[in-house]
Amino acid sequence: MHSSKSYLYLALAMMLVGANIGFGKAIIAVMPVLVFGLLRFVIAVIVMAPQYFKSAPRLTRSEWLNLFGQAFFGTFLFTLCMLFGVQHTTATAAGVITSTLPAAVAILSRLILKERLDGRTLASILLAITGIAVLNISKTDGGGSSLIGNLFAMAAVVCEATYVVLSKRLTQTLSPLRITAYSHLFGLLLMLPFGLSAALSYDFSQVTPGMWGLIVWYALAASVIAFWLWLSGTKHVQANVAGIFTALMPLAAAFIGVVFLHESVSWGHFVALALVLTGIAVASWPLPMKAAQEV
């Protein structure tokens, strides 16, 4: 695959992820978080149904445990934390917070996988932490509720980072689509007790056809499309170069928030975004050839 096509796939994947932050906020304005969370998993499992019937080697006990861990943190808890987060803060702020994912992955990789942190990674982590501190101190959303929302969004980042770290073990033996399929199946089983009771008491007649379309799109984009685009792109691009494209995630979230949700953007957003994106660039920018050979 030509590198320009790979770059396009990476860019589209991150823009979809960022846009879904804003779309999620629009959906939960008319539908309870637990109901939407349940629908998101139902749609994903239906779409991925063929994966459950494919002939493939039986999973080991260790693989089942890792899949459950990924589902618990990366699908179930991540979905709840992110949706509750955007319910209490802006899509723009949530986008800035979620862009700290590379730093969170680096920290957890050090704690869980004992991977070494170099100077550039440490600088990136410090810039990301500073950016989030600025976002919270600036009180960009004009109320104490934004702090609650920002904390939920940060919890979502930690959950997703845990998912990424756990996936480093599974990708050695399982295909990405199989991992995603079983993660969402576990996610559905975990969400069912909470979402089903909420769904039974919810009046679905108030959901417009346009909103149903947005719900289906959110589930497909989050579970299948963005995932496939990202994997297709990273297959032919170095990991440190691919990391730069995560900068598009908060930009897409801010675009949806400002243009479609009519959110206001203040100095706190700009400063926090600049710090986080600088951190991503510091960590991801390719090393000079000589330096890369010495690492």
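The coordinates are above.
For the structure given in this document, a descriptive report is provided here. (Residues numbered from 1 in each chain as written. Predicted model: local features only at pLDDT ≥ 70, side-chain atom pairs only at ≥ 80, totals over all residues. Heavy atoms only, no water.)

**Digging into a nonpolar patch on the surface**
So, point 1. Together, Phe-255, Val-258, Val-259, Phe-260, Val-265 and Phe-270 make up an exposed nonpolar region whose accessible area comes to about 560 Å².
So, point 2. At three residues, the largest contribution of residues to the nonpolar patch is made by helix α12 (residues 248-259).
So, point 3. As for its position among the elements, Phe-270 is in helix α13 (residues 267-284). (Patch = residues over 30% accessible without salt bridge, like charges linked within 9 Å, V, L, I, M, F, W, Y side chains within 5 Å. Areas by Shrake-Rupley, 256 points an atom, 1.4 Å probe, with all protein chains shown as cover. Salt bridge = Lys/Arg side-chain N within 4 Å of Asp/Glu carboxyl O. Helix = DSSP H or I, 4+ residues; strand = E, 2+ residues; numbered from the N terminus.)

**Considering the packing of helix α4 (residues 61-88) against helix α9 (residues 176-200)**
So, point 1. Two elements in contact, α4 and α9, have axes whose closest approach is 8 Å; the angle formed by their N-to-C orientations is 60°. Taken together, the axes of α4 and α9 lie oblique to each other. Like other packed secondary-structure pairs, α4 and α9 cross with a definite hand, here right-handed. Of α9, the residues touching α4 (which contributes Trp-64, Leu-67, Phe-68, Gln-70, Ala-71, Phe-72, Thr-75, Phe-76 and Leu-80) are Ile-179, Tyr-182, Ser-183, His-184, Phe-186, Gly-187, Leu-190, Met-191 and Phe-194.
So, point 2. Tallied by class, the residues present in the contact of α4 with α9 amount to 13 nonpolar, five polar and no charged. (Axes fitted to C-alpha atoms, helices over the stretch in contact; angles between N-to-C directions. Parallel < 35°, antiparallel > 145°, perpendicular 65-115°, else oblique. Left-handed = near helix turned anticlockwise from the far one by under 90°. Contact = heavy atoms within 4.5 Å. Nonpolar A, V, L, I, M, F, W, Y, C, P; charged D, E, K, R; others polar.)

**Details of helix α5 (residues 91-98)**
So, point 1. Burial runs high along α5: eight of the eight residues are buried.
So, point 2. If you check which residues of α5 are buried, you get Ala-91, Thr-92, Ala-93, Ala-94, Gly-95, Val-96, Ile-97 and Thr-98. (Buried < 20%, exposed > 50% of the residue type's maximum accessible area, 1.4 Å probe, protein only.)

**A few points about the packing of aromatic side chains**
So, point 1. Considering all chains together, one arrives at 13 aromatic pairs under this definition.
So, point 2. A centroid spacing of 5.0 Å and a plane angle of 70° characterise the contact between Phe-36 and Tyr-218, whose relative ring orientation is edge-to-face. Taken together, the positions of Phe-36 in helix α2 (residues 33-47) and Tyr-218 in helix α10 (residues 209-234) put the pair 182 residues apart, joining distant regions of the chain. For the pair formed by Phe-36 and Tyr-218, the shared burial category is buried.
So, point 3. Plain terms: the ring middles of Phe-204 and Trp-212 are 6.0 Å apart, the flat faces sit at 15° to each other, and that makes the pair stacked. (Phe/Tyr/Trp six-rings, centres within 6.5 Å; stacked < 30°, edge-to-face > 60°.)

**As for the state of the cysteines**
So, point 1. Scanning the entire structure with this criterion turns up zero disulfides.
So, point 2. No disulfide involves Cys-81; its sulfur sits 4.5 Å from the nearest other cysteine sulfur, which is in Cys-159.
So, point 3. Of the residues examined, Cys-81 reaches a relative accessible area of 12% and is grouped as buried.
So, point 4. Of the residues examined, Cys-159 reaches a relative accessible area of 8% and is grouped as buried. (Disulfide = S-S within 2.5 Å.)

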